[in-house]
Number of protein chains: 2
Amino acid sequence: MTRLALKPLTFIVFVACSIALPAVAANHPNLVINQQDVKAMKLAITQPGAFKDAFDAKLSAVDLGLTQPIEVPTPKDAGGGYTHEKHKSNYQQMYDTGIIYQLTGDKKYAKYVKNMLLQYAQLYPTLPLHPKRKSNNEGKLFWQGLNEAVWLVHTIQAYDFIYDALTPAERNSIEKGAITPVALFLSEQSPHTFNKVHNHGTWATAAVGMSGYVLDKPLWVERALYDLNLAKKGGFMRQLNELFSPDGYYNEGPYYQRYALMPFVTFAKAIEQNEPQRKIFQYRDGILLKAITSTVELSYNKLFFPLNDAIKSKGIDTIELVNGVAIAYGLNGDPRLLDIAQQQNNILLTGDGLKVAQGLDNHLQQPFPFTSALFRDGQHGDDGALVVMRQGEANDQAIVFKATAQGLGHGHFDKLTWQFYDAGNEIVSDYGAARFLNVEAKFGGRYLPENKSWAKQTIAHNTLVVDEKSHFNGDVKFANKHHPKLAFYDAKQDLTISSASIDTAYDDVAFKRTLALVNIKQRDAVIGIDIMRVTADKPHQYDLPIHYQGQLIDTNFDRQASLAQLSTLGNKNGYQHLWSLATANLTKEKAANELAKVTWLNDNGHFYTLSTLVNTNFNNATDEQMLFTQLGANDPNMNLRQQQSFIHRVNATNHTYVSVIEPHGEYNPSKEYTLAATSSVAGLIYHQQDELEAVQINFTDGQQYLLAINQTDKAVTQDTQNVISVNGVQYPFSGRAQLLSIK
Amino acid sequence: MTRLALKPLTFIVFVACSIALPAVAANHPNLVINQQDVKAMKLAITQPGAFKDAFDAKLSAVDLGLTQPIEVPTPKDAGGGYTHEKHKSNYQQMYDTGIIYQLTGDKKYAKYVKNMLLQYAQLYPTLPLHPKRKSNNEGKLFWQGLNEAVWLVHTIQAYDFIYDALTPAERNSIEKGAITPVALFLSEQSPHTFNKVHNHGTWATAAVGMSGYVLDKPLWVERALYDLNLAKKGGFMRQLNELFSPDGYYNEGPYYQRYALMPFVTFAKAIEQNEPQRKIFQYRDGILLKAITSTVELSYNKLFFPLNDAIKSKGIDTIELVNGVAIAYGLNGDPRLLDIAQQQNNILLTGDGLKVAQGLDNHLQQPFPFTSALFRDGQHGDDGALVVMRQGEANDQAIVFKATAQGLGHGHFDKLTWQFYDAGNEIVSDYGAARFLNVEAKFGGRYLPENKSWAKQTIAHNTLVVDEKSHFNGDVKFANKHHPKLAFYDAKQDLTISSASIDTAYDDVAFKRTLALVNIKQRDAVIGIDIMRVTADKPHQYDLPIHYQGQLIDTNFDRQASLAQLSTLGNKNGYQHLWSLATANLTKEKAANELAKVTWLNDNGHFYTLSTLVNTNFNNATDEQMLFTQLGANDPNMNLRQQQSFIHRVNATNHTYVSVIEPHGEYNPSKEYTLAATSSVAGLIYHQQDELEAVQINFTDGQQYLLAINQTDKAVTQDTQNVISVNGVQYPFSGRAQLLSIK
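Per an unreviewed UniProt entry, chain A goes by Alginate lyase family protein and derives from Shewanella polaris. Heading Subcellular location (unreviewed entry) of the UniProt record for chain A holds this comment: "Periplasm".

With that settled, consider the UniProt feature "domain: Alginate lyase" (unreviewed entry) in chain A. In the numbering adopted here, UniProt assigns the feature "domain: Alginate lyase" (unreviewed entry) to residues 67–285 of chain A. For the annotated span residues 67–285 of chain A, helix accounts for 63% and strand for 0% of the residues, and the straight-line distance between the end C-alpha atoms is 48 Å.

Copy one and copy two of the chain differ by a rotation about an axis and a translation along that axis. Superposing chain B onto chain A takes a rotation of 180° combined with a translation of 0.0 Å along the rotation axis, leaving an RMSD of 0.1 Å. What the superposition gives is, in effect, a two-fold axis relating one chain to the other. Distance from the rotation axis, computed per C-alpha, reaches its smallest value in chain B at L566(B): 2.4 Å. A share of 100% of interface residues in chain B that are also interface residues in chain A marks the association as one of identical surfaces.

What follows covers the sheet that holds strand β22 (residues 655–664) of chain A. Residues and elements named next belong to chain A. Pairing within the open sheet is antiparallel, and its eight strands lie in the order β9-β10-β11-β12-β22-β19-β18-β14. Lying at the two open borders of the sheet, with one neighbouring strand each, are β9 (485–492) and β14 (551–555). Taken pair by pair, the neighbouring strands of this sheet meet at an average axis angle of 15°, ignoring direction. Note that strand β10 (residues 495–502) and strand β11 (residues 509–520) share eight bridges and pair antiparallel. What sits directly across from L495, in β11, is V518.

Our next topic: the UniProt feature "domain: Heparinase II/III-like C-terminal" (unreviewed entry) in chain A. Following the UniProt record, the feature "domain: Heparinase II/III-like C-terminal" (unreviewed entry) maps to residues 377–585 of chain A here. The annotated region residues 377–585 of chain A carries 6% helix and 44% strand content, and the separation between its end C-alpha atoms amounts to 40 Å.

On to the interface of chain B and chain A. Contacts between the two partners involve 53 residues from chain B and, on the opposite side, 53 residues from chain A. In total, chain B and chain A occlude about 4400 Å² of area from one another, counting both sides; carbon and sulfur atoms represent 51% of this. On the chain B side of the interface with chain A, the three residues burying the most area are Q551(B), M638(B) and E672(B), jointly 16% of the side's total. The salt bridge partner of E672(B) is K314(A), with a shortest N-O separation of 2.6 Å. Our count for the chain B to chain A interface comes out at 27 residue pairs in polar contact (both at pLDDT 80 or more). Among the secondary structure elements, those contributing two or more residues to the side of chain B that touches chain A are α4 (82–104), α12 (254–274), β14 (551–555), β16 (565–567), β17 (578–585) and β24 (673–675) of chain B. At four residues, β14(B) tops the list of elements feeding residues into the side of chain B that touches chain A. Here strand β16 (residues 565–567) of chain A runs beside β16(B); their pairing, made up of three bridges, is antiparallel.

Criteria and thresholds
- Residues numbered from 1 in each chain as written.
- Chains lettered and ligands numbered in written order.
- Predicted model: local features only at pLDDT ≥ 70, side-chain atom pairs only at ≥ 80, totals over all residues.
- Heavy atoms only, no water.
- UniProt positions renumbered as here; feature names shortened; annotations may be inferred.
- Helix = DSSP H or I, 4+ residues; strand = E, 2+ residues; numbered from the N terminus.
- Least-squares fit on C-alpha atoms with pLDDT ≥ 70 in both.
- Contact = heavy atoms within 4.5 Å.
- Pairing = 2+ DSSP bridges.
- Axes fitted to C-alpha atoms, helices over the stretch in contact; angles between N-to-C directions.
- Buried area = accessible area lost by both parts, 1.4 Å probe.
- Salt bridge = Lys/Arg side-chain N within 4 Å of Asp/Glu carboxyl O.
- Polar contact = N/O pair within 3.5 Å; in protein donor to acceptor, adjacent residues only side chain to side chain.

Here you go:
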């Protein structure tokens, strides 16, 4: 097959060199960038503007690169090591130098890329498997095949850029020595990865499919789209079907969604250029555009929500999303995408990048709408959901409620966990992944052992832990088969509320969590309300942690602190990593239905108080404690960050946790003032009446509010009328939930 | 005296109301702002520009204030409490509303200030001492007299602004009920504070002196300048003589220098307006201007160096320095001050504020020169010094070497400590003060108990601790009598070096530290070199801590970590607050003259490695350890931040610590690359030959450098020629120190 396909190509190209505008030569470049794009870009760099600035910057960098000797080292190092980083910078340099060749027409750029490609063509056929390969995804140039696929995605574009500047013999050498063997290694020789419905599979299929277009090998494209056997059991189309939910949510979460986006949108763009009849961007109701937009929506203050295995410094300015936003804008011209592009501050030298640059030059951007949204999980949208609640501007209050499915191997055991954001910062936070990407000294830059022993465990999250065991007993295979059930999601002005439940995380324990983000306009205050209802057949120990960001300021109860000795809180399932700093016996400290309050000060200068009901007489709790912990025990290599948390521990059969989180005041040592450093929540009362429930919030100034909720499983519209009776008074409310001022 | 002085004033004012432009009325306002300033400002607010923007913003705020009822509550709360904050906001509001009256001429503003002043005039005479007063500095409106003085500094200016809008009877009420009793309370009734050569004294004398100008009481001014008895034992002039060194360094450090600056420059400006013949700004070779400039110079990335009791979020944008920079610019028109004013982004509604606004509108600013500098301490400049070493731009590398005197009650026991900064961040840091300013729940907002038990102790700093005791055994009175001796300071392009010693911090132990900041241009690398030479009569335990900012990445030796139990490192002098995380036996781990290396990753994305010599055979050390600690033990109220440190412990009689700190590489998880995560220092060799010494640095790539130093006590010029012999090779060098490339 390979030899057969090469022959006509060589022939046509030979012709291309002897006449003015040959048919096939006219097709280069034709992946992400086509000849029309090149023409427009060549014009744009003659005029001042954002695009010319980006071109000038890239030109300088590329020119500097040209003064360096080409080095294509024998692969040796794992991630972060010298040869790993060199091969990474090489493909980026080939790509950059190639596009500069297209824009300037100066042959020296093409020559540099050609020479590097020829060195790869010499080296690659001699390579065994990488000495530091990962057993489940082997590479040759790199320790894992994933990097090899990324190499080819870039390199095939660079080759496409300089194609016309090469002689047939040069093309033959490069294709035979480098492109084809890498493509075959990634496909025929790595069937497990290539056919996998997973982001590794997407990179591999994108690399091979794009190479198929450039080398004119339609079978490679077909295999990329429909798996090696064209059986549609794997391949790009199946990935598009399964990896995203109908709302564009990627099952591993936004961190990997961002990563996966790159090959999805890059390959899709190449398909669109070469075979527009496939209507790839319309496929599945425009799933690719939804995936791009939802990745943006799953961020706060430019950083992605750190769900599952996620490195917390990744955000919307990552190159994958720069590509995604540019391609999306190229397709739909939505001026709200320019808002994101402006924050990304990175103009691509592509046709779509030019459109973005021109849009920004003409100040066409409109604010990107960061609003409350439901992201259903699962291929059919029925495997739970991620709920994002927002109030005010993009950097005001947000709640992330994770009622999604497990998310495969990178998933965390954190069903129904939540996070709270305010004034630009994390307030109640998720640890994310335990990993120092590419830092050789930190476990070779891979996921640290503490990722499994801490970051994935339930206690590392803000959700219920029963008997100090993680959800699904930490069994990934079992976890992947189960997911929470979304009860409802309802968003209106000033009130977003959602509820979900799960009964498979533990043998005999079920829990249902209802979270609401409420704007109390009369008070100019936004609060979060959390109702976690736990039911079981027999007594258990329930732990509900709050991983808070900031410095503890005060509690309204006494704590017994460990002063000169620290011990761990437990010995497994993550508890072995927690130092027990202090404990408080709430049963002794508080009367029935009183509030336990914890106040902390975040780096953003604001105070936050979590107020939670204790000794509620409708529960049969025998014992309630608040445990204060710090992360870092059993961490011989000091791999963990020193985060703090407090854990509300209850021994009971059934228990309902009712809590309010309240941002308040300001600490401004620079301007020497401190405002409202104490909470203004005076009391909470929880009411339940069949399917209706209500949380009454009494403030210190006498104002009282009732959040009334209809928890029915039946359909509810805004017109549904309910009446809840509180202390003999009838309170009518409509719809799923409503905030009532009752005094 | 009071009644006598009131009479002529009343008379003159009465006359003032009956003729057009009476002599005395013409003098209002005449403190920081005079009538000429008002005229210029009135013109400026008719034209677009930074000044008009500032006016418009202030006008809106003041107009909003006018809609609120006036409240002058009976004093009740300590710092941060309601009445405390209300009286603070009241004086600010009176000041702001008063200046708006001057600029608009609208009587409603004057009326609002008048009404508030009249309420104070009614309340103040009824007040006993504040219920929460501090014993050493009592107030009536506030818990401490200091706040009372600040109140009067603002209020007398507000009164001056509206003076012309008042009837004689109103003036009489306000002066008799509020201004005069507060001024007398601060002076005659608080002689200890008023006569004190200390920032509390400066606020008191400024308040009383400025009131003297407005109420035409020359005796008040004289007392403010020369103490209550006009004996020149205290007072403003003596404060100017003693509180600043000849280089403008304030003996408590930059945090309190910033605070003290406000009354100094405000009162000085009022003196200049009323009695220019005193030439106050020329006094003592222009000490006030030096004090303003040095406050700016004692900052890094906009924040002050956190020496002694210092809250770390304070920086050059604090209102005190906004005032200082504006007044300085008004005097000298130095365009480099506009660079700072631009960063402050706060235009004052004063004559000087107008000049700053116009300077910025006309883009006159030039970069402020952040360069290496020596700040001698002490009235005569011979009580040690603070040394600031810088390389590159303002936010590149800096070393702060603290060889100052104790700095009175706010001083820390940290002789010869250092800090290292790079790429905008603290790398080797100082804890600063343990305090949450104005946060009632945190010990009433005062200095926390941990300020004494931790923050002031020697182990909280990056300097030598002998036998786990703090310098001067933590005795402030004794400490105030001693100071380090500056051996030399030498700054040239690419090399800044300084050395200082002290032999009074411990009974029989003397130590000399030499610090250098070196730009190795051939390597494009800046490193810090630290030589700490300790001598004693008998064996001791020496601890040299590094309080590092970031996450530990690696050490080149094994650590024995405490996994499931933590204990404190000691039981007093700050050691009781340190958890012992891990220890390493360097004597066992390393051969003689090998390096112990610790690498960490700062939030700025760069790696830092401290490489230090161990088991040096020229020492008689019997045992060397590296101890890894975390702050937070014996902290029942969770008042301390969770900082980490490593401590090089040596048991010896004499010992020389030789270390290099090296910024390297970059961790960029957003762009997915990690560069140079490992140190490139391969070896250090310490050479000593009589008064000459040298540190040889061998890099992993084979390059070798020698930092040769002449430690003589005699004078050294750039022409002084020296020759040091290293392994039989003679290396000539000139001046105090020189970096030689030897391979």
